[in-house]
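One-letter residues, chain by chain:
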Number of protein chains: 2
Amino acid sequence: VVIVGAGFGGLWAARALRNAPADVTLIDRNNYHTFFPLLYQVAAAELEPEDIACPVRSILRHARNLRFVMAEVQGLDLAARLVRTDQGEHTYDYLIIATGSRPLFFGVPGAAEHALRLRSLEEGVALRNHILFCFERASVERDDGQRQRLLNFAIVGGGPTGVEFAGALAELVHGPLRKDFRGLDVRQVSIVLVEAAESLLSVLAPRLRAYAVRRLQRMGVQVRLGVAVERIGPEGVRLKDGELLPAATVVWTAGVGGDAARFLGDSELAPASRGSAPAPGPAARRDGRVPVQPTLQLAGRPEIYVIGDCAYLEHEGKPLPMVAPAAIQQGVAAARNIRRQLAGQEPLPFRYHDPGTLAVIGRNAAAAHVFGRDFTGYPAWLLWLAIHLARLIGFRNRIMALTSWAWDYLFLERVVRLILPRATPPG
Amino acid sequence: VVIVGAGFGGLWAARALRNAPADVTLIDRNNYHTFFPLLYQVAAAELEPEDIACPVRSILRHARNLRFVMAEVQGLDLAARLVRTDQGEHTYDYLIIATGSRPLFFGVPGAAEHALRLRSLEEGVALRNHILFCFERASVERDDGQRQRLLNFAIVGGGPTGVEFAGALAELVHGPLRKDFRGLDVRQVSIVLVEAAESLLSVLAPRLRAYAVRRLQRMGVQVRLGVAVERIGPEGVRLKDGELLPAATVVWTAGVGGDAARFLGDSELAPASRGSAPAPGPAARRDGRVPVQPTLQLAGRPEIYVIGDCAYLEHEGKPLPMVAPAAIQQGVAAARNIRRQLAGQEPLPFRYHDPGTLAVIGRNAAAAHVFGRDFTGYPAWLLWLAIHLARLIGFRNRIMALTSWAWDYLFLERVVRLILPRATPPG
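Residues numbered from 1 in each chain as written. Chains lettered and ligands numbered in written order. Predicted model: local features only at pLDDT ≥ 70, side-chain atom pairs only at ≥ 80, totals over all residues. Heavy atoms only, no water.

Chemist: Hey, could you run me through the overall build of chain A in this one?
Modeler: Along chain A, the regular secondary structure elements total 12 helices and 27 strands. Across the 427 residues that make up chain A, the buried fraction comes to 59%. A fraction of 66% describes how many contacts in chain A between residues 6 or more apart in sequence connect residues 24 or more apart. Working note: accessible area of chain A is about 16,900 Å², and carbon and sulfur atoms make up 52% of it. (Helix = DSSP H or I, 4+ residues; strand = E, 2+ residues; numbered from the N terminus. Buried < 20%, exposed > 50% of the residue type's maximum accessible area, 1.4 Å probe, protein only. Contact = heavy atoms within 4.5 Å. Areas by Shrake-Rupley, 256 points an atom, 1.4 Å probe, with all protein chains shown as cover.)

And the structure:
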């Protein structure tokens, strides 16, 4: 069994295949697993990158039938059943594709080139460096317009990532950075959250959405709803209504698509669709997610499973959300189905158990829909804290993250403010 | 007062000028102070980079007359008394130069291009990434010679940095990496420490030197004494006696020189040496250290102090060592002398108090000369632990480093093994 990707889906699939009667190879381009739900805290200098990452080899150390290979996957040969990587080829009997997601820019010009992203540990660190660099530059900038541009932050996208990052950034600015940069007037700092839809956090109930907007506004974040982005350039964000938001920092959290099309495009799947009975249709949708059978298998390719963000499956008439719980559940389900296939049994369809939705907005504030109920404020924040701490993989991560948070909470102090490695100067 | 460099010398000078009747500007290219004595532990994946670094602004937050500027110094104009940086010019009445050290390669061809270094936080992280990358590559390499080259590590220089890093690397390899890479035979790993002189740790007594060699050998490190390096290339280290040590990783810890000559060369000082009575001689020695008066002032330039690794001053007939305690003491002394000059008094000559020498070799093992006595083994290691913990700046650094160490000590486990940011593949 070869598993491509050591995110939530791939890692849980590997864990569920421990001691299965099969040799399992897990391939990832990084040697660590990233706890994505807390990535925005790295970008806001609240957690260190090491707090939310764990070496894959440590996690899998006790599984004798598992092997980890750090390599970049370059392509698949479906006929020969092999995975081509920059570190050689790996043949498979069963393949699990769990390559996660990548940003979607909806054709907005300049977004790919000029906006910072928040989809990997490297991007999180780069964004943190960039923010701190902007403050350093602003503190010695004599031109008023330039300084204002350095202190303007635009966040595009009002989903959980955008909301959580906007809140964390506001707290960073009005807490530690205010103390560190006494020469700057933090009231000059402007944080704008731009969302094309009419509300933030569209998956939550209207009451929770309104709470999120109010709470962000109280923290000094300008929330612009129903405004689409025309293009992004080095000078800032041009809105569809013609307005220019000048900003040295533009963060794109608006669109997320599956990252399977890169090596699972139509051409690659062509042999399969010619041969087998139910034509699989287009291999990947426009958003890069690959439609799968209810068993998570590719149509006509019973030996290939696609799980997590890069899989497209509907649940109660709606596409499954691209969140960690869905990936984890699919990883376990795919592993169980492969065990069934190895034992000569039929794979079972996947059933999704929705654990609810949580978005943290700041200190003591969150909006949540869990256990069938809505929560806001402090209770929601405690819930969020408990769930995320419990889920962080690895005991060390748990204590380290807890230490950082406790410190932060008690002393209103961000402890992680190194610009490392050296960032390129903004603008 | 302008201080260039936020290392031990510059930072302690800034702290000693707190509340002095002067505006103090501290300039550094990074926004953090690095605790250099523990840098080798970052390279050996024992500490996280954040554990040994602290944002300069946090350290100086409570000093109202201090200002920090993150900038790269490009040159001095001694006549106009200004410092040119990439972020504008800063005029000074008094200047403290504390720019630290840089590696010296003694003209060994290829050393600058092919050897990894251990003089900055970035270099420490790069070295850690490189080591882990070599193990990842070796685990999928099929060619025996290539794999052996990936598992060979050569360390050039038997001073404290070389000895400490060799010991830490041996512990990393035979502890956590052995568990993580079950497919590799760690007995294939070779760590060679090459020193041109006839002994390691030449500042210590012969008994302690012999102890260090024995101890390293017991940990599996090959110690090659009295062997000079001819050149360094991508294939490894060529020794003067003709032997080639093939190694994908060569670490250069052999030579350290002052880093003042870059902008304090002869040409820059020429106006001063023409004008004033005692000719200052060559501005910088061949090793990049600048000779200073006993008061730490430049000859003929009473407004300029040079301190720390980039200053050259003799103590009891020998040059002052390039160590943190000397830099700290000089920083405080320079600040005191500037305060005296501001008050119309004469600067006082600097007197060095030697705190002793300590080198840690591994778990429970160190060699030390402190309080006039020699220590080895466990007592020396405890001493080292206590002194370094006490000296780490900032409470957080203290608890975080302690947590990492306690963990490591109890479970023989390195917790920091992420390859981040992505390293370029070795060889």
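Chemist: Would you mind going over the side chain of Thr34 of chain B with me for this structure?
Modeler: The residue Thr34 of chain B is located in strand E3 (residues 32-34) in this model. On the basis of relative accessible area, Thr34 of chain B is assigned to the buried category, the value being 7%.

Chemist: So what exactly am I meant to see when it comes to the packing of aromatic side chains here?
Modeler: Two aromatic rings are characterised by how far apart their centres lie and by the angle between their planes. The final tally for this structure, using the stated rule, is 10 aromatic pairs over all chains. Look at Phe105 of chain B and Trp252 of chain B: their rings are 5.5 Å apart centre to centre, the planes differ by 50°, and that puts the pair in the tilted class. With Phe105 of chain B in the loop between strand E10 (101-104) and helix H4 (111-114) and Trp252 of chain B in strand E17 (residues 249-252), this pair connects stretches of sequence that are 147 residues apart. We classify Phe105 of chain B as buried; its relative accessible area is 18%. Site record: aromatic cluster; members linked through ring pairs are Phe8, Trp12 and Phe35 of chain A. (Phe/Tyr/Trp six-rings, centres within 6.5 Å; stacked < 30°, edge-to-face > 60°.)

Chemist: Any chance you could explain the packing of helix H5 (residues 121-140) of chain A against helix H7 (residues 160-180) of chain A here in plain terms?
Modeler: Helix-helix packing is described using two parameters, namely the angle between the two axes and the distance between the axes. Residues and elements named next belong to chain A. Where H5 contacts H7, the axes come no closer than 13 Å and their chain directions differ by 40°. Taken together, the axes of H5 and H7 lie oblique to each other. Crossing hand, H5 versus H7: right-handed. Across from Leu127, Ile131, Leu132 and Phe135 in H5, the residues of H7 making contact are Phe165, Leu169, Leu172, Val173 and Leu177. Looking at side-chain class alone, the contact of H5 with H7 contains 9 nonpolar, no polar and no charged residues. (Axes fitted to C-alpha atoms, helices over the stretch in contact; angles between N-to-C directions. Parallel < 35°, antiparallel > 145°, perpendicular 65-115°, else oblique. Left-handed = near helix turned anticlockwise from the far one by under 90°. Nonpolar A, V, L, I, M, F, W, Y, C, P; charged D, E, K, R; others polar.)

Chemist: What am I meant to see in the sheet that holds strand E26 (residues 365-370) of chain A here?
Modeler: Pairing between the strands of a sheet is mediated by backbone hydrogen bonds and can be parallel or antiparallel. Residue and element names in this part refer to chain A. Strand order in the open sheet formed by 3 strands is E25-E26-E27, and the pairing between neighbours is antiparallel. This sheet does not close on itself; its edge strands, each paired only once, are strand E25 (357-362) and strand E27 (373-376). Going across the sheet, the axis of each strand differs from the next one's by a mean of 5°, ignoring polarity. Sheet analysis places E26 next to E27, joined by 4 bridges and oriented antiparallel. Counterpart to Ala368 in the pairing with E27 is Phe375. (Pairing = 2+ DSSP bridges.)

Chemist: Please explain the environment of Arg340 of chain B as it appears in this structure.
Modeler: Residues and elements named next belong to chain B. Here Arg340 lies in helix H10 (residues 324-342). Separated by 282 residues in the primary sequence, Arg340 and Ser58 place their C-alpha atoms 28 Å from one another. With near-sequence residues (within four places) excluded, Arg340 lies in contact with Gln345, Glu346, Pro347 and Leu348.

Chemist: Hey, could you run me through the packing of helix H1 (residues 8-16) of chain A against helix H10 (residues 324-342) of chain A in this one?
Modeler: All names here are of chain A. Packing of H1 against H10 brings their axes to within 7 Å, and their N-to-C directions diverge by 35°. Crossing of H1 over H10 shows right-handed handedness. Contacts between H1 and H10 pair Phe8, Gly9, Trp12, Ala13 and Ala16 from the former with Ala324, Ala327, Ile328, Gly331, Val332, Ala335 and Arg339 from the latter. Tallied by class, the residues present in the contact of H1 with H10 amount to 9 nonpolar, 2 polar and 1 charged.

Chemist: Looking at this structure, I do not really get the sheet that holds strand E13 (residues 221-225) of chain A. What am I missing?
Modeler: Residues and elements named next belong to chain A. The parallel open sheet is built from 4 strands, whose spatial order is E13-E12-E11-E17. Across the chains shown, the open sheet's two edge strands, defined by having one partner strand only, are E13 and strand E17 (249-252). Strand-to-strand twist in this sheet, taken as the mean axis angle between neighbours without regard to direction, amounts to 20°. Pairing of strand E11 (residues 152-156) with E17, which is carried by 4 bridges, proceeds in the parallel orientation. Bridged to Val156 within E17 is Trp252. In this fold H5 packs onto E11 and E17, with an angle of close to 160° to the strand it touches most, E17. Packing of helix H8 (residues 206-218) onto the sheet brings it into contact with strand E12 (190-195) and E13, and relative to E13 it is tilted by some 140°.

Chemist: Could you clarify how one ought to interpret the pairing of strand E21 (residues 301-306) of chain B in this entry?
Modeler: Residues and elements named next belong to chain B. Burial of E21 is extensive: 5 of the 6 residues sit out of reach of the surface. One ladder, built from 3 bridges, connects strand E9 (residues 95-97) with E21; its direction is parallel. Pairing of Ile96 across the sheet is with Tyr305, part of E21.

Chemist: How do you make sense of helix H1 (residues 8-16) of chain B when you look at a structure like this?
Modeler: Helical geometry note: an α-helix holds 3.6 residues per turn, so side chains three or four residues apart project in the same direction. Among the 9 residues in H1 of chain B, 7 count as buried, and that is most of the element. Those residues of H1 of chain B lying buried are Phe8, Gly9, Gly10, Leu11, Trp12, Ala13 and Ala14 of chain B.

Chemist: Any chance you could explain the environment of Ala126 of chain A here in plain terms?
Modeler: Residue and element names in this part refer to chain A. Relative to the helices and strands, Ala126 resides in helix H5. The partly exposed category is assigned to Ala126, whose relative accessible area is 34%. Separated by 84 residues in sequence, Ala126 and Val42 place their C-alpha atoms 9.7 Å apart.

Chemist: Looking at this structure, how should I read the environment of Pro246 of chain A?
Modeler: All names here are of chain A. Following the sequence through the fold, Pro246 ends up in strand E16 (residues 244-246). The exposure class of Pro246 is partly exposed, given its relative accessible area of 38%. Put simply, Pro246 and Gly236 are 10 residues apart on the chain and 4.3 Å apart in space, counted from C-alpha to C-alpha. Apart from residues lying up to four places away in sequence, Pro246 is in contact with Arg149, Asn152, Glu235 and Gly236.

Chemist: Quick question: what am I supposed to make of the side chain of Arg289 of chain A here?
Modeler: Residue and element names in this part refer to chain A. Of note, Arg289 is situated in the loop between helix H9 (266-275) and strand E19 (290-291). Within polar-contact distance, the side chain of Arg289 engages the backbone oxygen of Ala311 at 3.0 Å. Looking at Arg289, its side chain comes within polar contact range of the main-chain oxygen of Leu320, at 3.1 Å. (Polar contact = N/O pair within 3.5 Å; in protein donor to acceptor, adjacent residues only side chain to side chain.)

Chemist: It is not clear to me how the pattern of salt bridges should be interpreted in this structure. Could you clarify?
Modeler: Oppositely charged side chains may form a pair once their charged atoms are brought near each other. Residue and element names in this part refer to chain A. In this structure the tally under the stated criterion is 22 salt bridges over all chains. One salt bridge in this structure joins Arg117 and Glu123, with 3.7 Å as the shortest N-O distance. Overall, the relative accessible area of 23% leaves Arg117 in the partly exposed class. For Glu123, a relative accessible area of 23% puts it in the partly exposed group. (Salt bridge = Lys/Arg side-chain N within 4 Å of Asp/Glu carboxyl O.)

Chemist: What exactly am I supposed to notice about the confidence of the model for chain A here?
Modeler: Close inspection of predicted coordinates is inappropriate in any region flagged by low pLDDT. Residues and elements named next belong to chain A. The predicted model of chain A averages 82 in pLDDT, with 85% of residues at 70 or higher. Element-level pLDDT for chain A is lowest in H9, with a mean of 37, against a maximum mean of 95 in E11. Confidence drops under pLDDT 50 across residues 412-416; counting only partners more than four residues distant or on other chains, this segment forms 26 contacts. Confidence drops under pLDDT 50 across residues 420-427; counting only partners more than four residues distant or on other chains, this segment forms 23 contacts. Here the predicted complex carries an ipTM of 0.75, next to a pTM of 0.81. (pLDDT = per-residue confidence, 0-100.)

Chemist: Is there a simple way to think about the pairing of strand E14 (residues 229-233) of chain A in this case?
Modeler: Working note: regular strand, side chains alternate between the two faces of the sheet. Residues and elements named next belong to chain A. Here E14 pairs with strand E15 (residues 236-239) via 4 bridges, running antiparallel. Within the sheet, the bridge partner assigned to Arg231 lies in E15 and is Arg238. As consecutive antiparallel partners, E14 and E15 are separated by 2 residues.

Chemist: Which parts of the structure should I look at to understand helix H5 (residues 121-140) of chain B?
Modeler: Between the first and last C-alpha of H5 of chain B there are 29 Å, a value that for 20 residues agrees with the 28 Å anticipated at 1.5 Å per step. With respect to burial, H5 of chain B is a largely interior element, 16 of its 20 residues being buried. (Expected span 1.5 Å × (residues − 1).)

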